[in-house]
Each structure stands twice: as structure tokens, then as C-alpha cells.
Amino acid sequence: MSAMTDKRKHYAICKAADLPPGQRIIADLDGRSVGVFNVNGEYHALHNRCPHAAGTLCMGPVTGTTLPTEHGAREFVYGSEGHILRCAWHGWEFEIETGKCLIDAKVRAKTFKVSVENDQVVVHI
Amino acid sequence: MIDCDVHNDWSSSNVLLPYIDTTFRDYLLRGELPGARGSFPHAHRPWLHPEDFRRHDIKPTNDDEHYSFMRENLLDRYKPDVAILTGEEALEVSTLANPHYASALASAYNNWVIDTWLPRDDRFWASIIIAPQDPQGAAAEIRRLGSHPRVVQVLASHGSYRPYGDKFYDPIWQACSEVGLPFAVHLGGQGGINYQPIGGGPTTYYWETHALLLQPSMTHVASVISNGIFERYPNMMFVVIECGVTWLPSILWRLDANWKALRKETPWVKRLPSEYARDHIRMSTQPLEEAANKQHLWDVLAAMDGENMLMFASDYPHWDFDAPDDMQLPKEWLPKIMDGNARQVYKKLPRQLVPNDTKAGVMS
Ligand code: FES
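Calculation rules
- Residues numbered from 1 in each chain as written.
- Chains lettered and ligands numbered in written order.
- Predicted model: local features only at pLDDT ≥ 70, side-chain atom pairs only at ≥ 80, totals over all residues.
- Heavy atoms only, no water.
- Helix = DSSP H or I, 4+ residues; strand = E, 2+ residues; numbered from the N terminus.
- Rg over C-alpha atoms; globule rule 2.2 N^0.38 Å.
- Buried < 20%, exposed > 50% of the residue type's maximum accessible area, 1.4 Å probe, protein only.
- Contact = heavy atoms within 4.5 Å.
- Expected span 1.5 Å × (residues − 1).
- Pairing = 2+ DSSP bridges.
- Axes fitted to C-alpha atoms, helices over the stretch in contact; angles between N-to-C directions.
- Polar contact = N/O pair within 3.5 Å; in protein donor to acceptor, adjacent residues only side chain to side chain.

Student: Please explain the overall build of chain B as it appears in this structure.
Tutor: When helices and strands are counted, chain B shows 14 helices and eight strands. Radius of gyration (C-alpha) of chain B: 19 Å, near the 21 Å computed for a compact globule of 364 residues. The principal-axis extents of the C-alpha atoms in chain B amount to approximately 55 × 50 × 45 Å. Buried positions account for 57% of the 364 residues belonging to chain B. A separation of at least 24 residues holds for 80% of the contacts in chain B among residues at least 6 apart in sequence.

Here it is, written out as C-alpha cells:
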């Protein structure tokens, strides 16, 4: 990588074709573990370090979840399929696109910008 | 640093076939199992974890990986000096109605852990698992293996047929006391003959239930103290593993108050229940309660003398794992909780190296 400051470092992760929708890659970027996800054709990157207790967030299942129901209704409405990442340790749920934790939006997993350049998936840190 | 709750799992209960008594080998080989071949004979609890009770970043597919993943994710990463193995499903023998089969399975597990796990790593120390519904068989097992140099405790599930201070279990306490090993209960065994794991009737959801599963451990604490276990076996320690900790001061306050008025009911109890607890009961930390205000948690822990009563446990590789480098405890308590207290309880462990030189302090 170039000798630019950390903030502008670009890391080529893989060919875009090697990260199809629904898949993820976990990469070590100069000692920082980062998960790169393809959610319906869009790429998103999250720090593989959970804001709860520093667990391996990005190694958990990518899934959907039950949406909150109103007025205590005992109903199950399943949604957000493919948009939810459950931490591999204690299972806190995070929205992949924003890093927001479903139980408390103030709890956020760190996200990184991802672009596609020359057919390469590139993470900006 | 000492990790008091490390789960050594298998890929298939078939690993026990070479280690089980011939009569019961047929049961395990051809008998009914609760799942596919290779599942372990037990009555499962009626609450199923909706996402699996194991961590999702650790998925061993064979027996070698059970160890190599543990080495990578626990032993070499956090560098405990001691990992006390607590088995996995073997604890669930306590749910079986047939005490003979239950004891045979427990013995097979103990043979297996001694033969295959202990030689793998010099950080390993073993618990031997007993079938508490078979007190005589359990006592024989304790006498058979209690003097093994790497066996440090006798373990049963906290889900139980009766409270553990009950007369029914006298042979177990007697045998533990003879061989000088602590008796420990670990969260589990909430099914089959242990039919009352939740007071008030069965709860509905896993997370709801998991928060309440500690209930039988309250029963056991009250039972062992009121039944005078520590008067009859003054060398005994009772260890409560994975049952939460902050309920202890509350229960001890209540027991103390009641004993003052009604001592006559149990003339063998000569001291305050809280004094027996202080001298004879230890609790493992995981899963340590997570308080919004850390100080509130620490105040409760101080009320139970947490610095001296608690022993660190990670519960690797389960979903409610506590990482040793992220313990929300007062720094000055860490040398004892992360190391010193367990060495007092598990007397076969080597003494601590140098006072004040603890890895726990560095990691805090
Ligand atoms: S570390 Fe991720 S949920 Fe606890």
C-alpha cells in the first residue's frame, strides 16, 4: 500500500466476482480483521470486533430476523433477510449496512467504506 | 491465570465405546439415542437455544479440531496456566432414569478424558463426572479416580433429583471428603428425572429461561448449609459453576436471618450460614451479570466478598463465553479471582509462582 495516512489506505480484497451476493470474506488488513459482505450486490465492510465484548462479530451467521411487533402482539414477522449479522459470540444482532445494533442504535459496529475499482473490491480504512 | 470452566467436546459419543463397561457398550452401540448415532444418551432440556449454544466462530468437525481450535481460540490466545476441563454432554447423565447406565456412561467419560484429553496439553486438569442419581456408584467412581494426579474436582449437573445436601447424597460427600476433592455443580441436567429446574413451572423461551436457570443452585446452597455438610465434612468445598453470582448475598442474608430464629430445627448447624459459605463455597464468574452501572454490580459482589469467593471461568466455547481479558471487575480483585482463589480450592494445582506477579493483572 502507499505511504498515505491510515485514514486513506485502500485495501484490495478480492475480485468482485469472487464475492457473490450473500457471501463474505474476512481479511486481515495490517492487523485489523475486517469482514466484507455482499448484500444483494452491494458491498459493506465491518470491523470484525464486536462493540459488546470484542468478539468475532463478522464470523457469525448472516440472516434475517423477527421484526418487532406492536402492542405486545404474539406474532412472528420475519424480515431483513440477508441484512442481519449475528455476532459469533453472544449473538447480538447488527444491520450489516449501517453497523447498528438492533437492541440499541447507539451501539454500532465500526463500518468502512467499500468501492469497486478495476473489478476489485476495495476497502477504505 | 486459571480458567475453571473449559468444555472439551467430542464429535460423536462413539468415542466412549472403548471406555465403557461391556454390559453398557451394547446400549451405546445399538441402543436408542436421543438423536442420530453418535448423540449422547440423555434426556434433553425442554428449552432449545434458537441459535445453538456454541459460539459460531468455533466449529470443529472432528476430535482433533476440538482440541486444536481450543488451543488457538483459548489456550494460546489468553494463555491460562490451567484449564479445568468440565466435559460437555457427559454432565447430562444425571437426567437418565437408569442409574446403572448413567454411572457407566460417567465412568466411560472419565476414562476418555483422562486417556485422550489430559495428555494433549499440560495446561489441562480434569473434573470427573458422576451420576448423582446413583450415589453408591458415584462414590465408587470418586474412590476409583479421586487420587489421579490431574483430577481436581467431582462434577455433577446443577439440575438434580433432590437438593444436594439431602441425605440421599451422603455417599457422594463422604467419598469426596475421603479423596479430598471439591464437589462442583455445573449448570445443566435440566430434564428427565431432574424434573423441576424452574420454580413455578416451565418457562417458555430460551433467553428467559437461561436467566432463571440458576434457581436450583440457590436450593443447593441452602441445602448443603442447612444439612450440615460442612460440619460433617469440614474439608469440603462446594463449587457452583455457571449459575450466576449476584443472587448469593441475598440468599445468604435470608438464610442468616432465618437461622437466628430457627436454629433449633437443625442443631448441627452451629454458625451463620454466611460463614459456612465464606469458608466452603466458591462460585465461578461466568456468565458474570452485566449491570448498566458497573458500580452497582461491584457493590453486590463486595457484599459477598467477591474478591475471595469468585473464580474466573470462560465457559469456552459456549455462546455466553466471558473473555479473560475483558472482565468487568475491580482491578485489585483480579489476582485472586483470576488465579489465587482457584489454587486454594484445587489443591493439586501448583502454588502460585510469585505473589503479585499475575498475568491477570497485566490483562486487566
Ligand atoms: S462480543 Fe459480540 S455479542 Fe458479545
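Following the structure, the description resumes.
Student: Honestly, helix α13 (residues 334-345) of chain B in this entry has me stumped. Any pointers?
Tutor: Every α-helical turn comprises 3.6 residues, leaving residues that sit three or four positions apart pointing alike. Taking 1.5 Å as the rise per residue, α13 of chain B with 12 residues should run 16 Å; its terminal C-alpha atoms sit 16 Å apart, in good agreement. Of all the 12 residues making up α13 of chain B, nine are buried; the element is thus mostly covered by neighbouring parts of the structure.

Student: Whenever I open this one, the sheet that holds strand β6 (residues 238-241) of chain B confuses me. Can you help?
Tutor: To summarise the sheet geometry, strands pair through backbone hydrogen bonds and adopt either a parallel or an antiparallel arrangement. Residue and element names in this part refer to chain B. As summarised here, the arrangement of the eight strands in space is β1-β2-β3-β4-β5-β6-β7-β8, forming an open sheet in which the pairing is parallel. Edge positions in the open sheet fall to β1 (2-6) and β8 (310-311), since each of these has one partner strand only. Sheet analysis places strand β7 (residues 281-284) next to β8, joined by two bridges and oriented parallel. Residue Met 283 lies in a different strand from β8, and its bridge partner there is Leu 310. Helix α7 (residues 215-226) rests against β6 and β7 of the sheet, and its axis sits at about 175° to β6.

Student: Please clarify how the sheet that holds strand β1 (residues 10-15) of chain A should be interpreted in this entry.
Tutor: All names here are of chain A. Sheet architecture is open: six strands sit in the order β1-β11-β10-β4-β3-β2, paired in antiparallel fashion. The outermost strands of the open sheet, each flanked by one partner alone, are β1 and β2 (24-29). Averaged over all pairs of adjacent strands, the angle between strand axes in this sheet comes to 30°, irrespective of strand direction. Bridge analysis of strand β3 (residues 32-39) against strand β4 (residues 42-47) gives six bridges, and the strand direction is antiparallel. By the bridge assignment for β4, Val 34 is matched with His 47.

Student: How should helix α2 (residues 63-78) of chain B be read in this particular structure?
Tutor: Residues and elements named next belong to chain B. Under the 1.5 Å per step criterion, the end-to-end length of α2 is 22 Å for 16 residues, consistent within 8% with the ideal 22 Å. Residues His 66, Tyr 67, Met 70, Asn 73, Leu 74, Leu 75 and Tyr 78 constitute the buried set of α2. N-cap assignment for α2: the residue whose side-chain oxygen lies 3.1 Å from the backbone N of Asp 64 is Asn 62. Lys 79 occupies a position one or two residues after α2 and carries a positive phi of about 55°.

In short, geometric facts, not functional conclusions.
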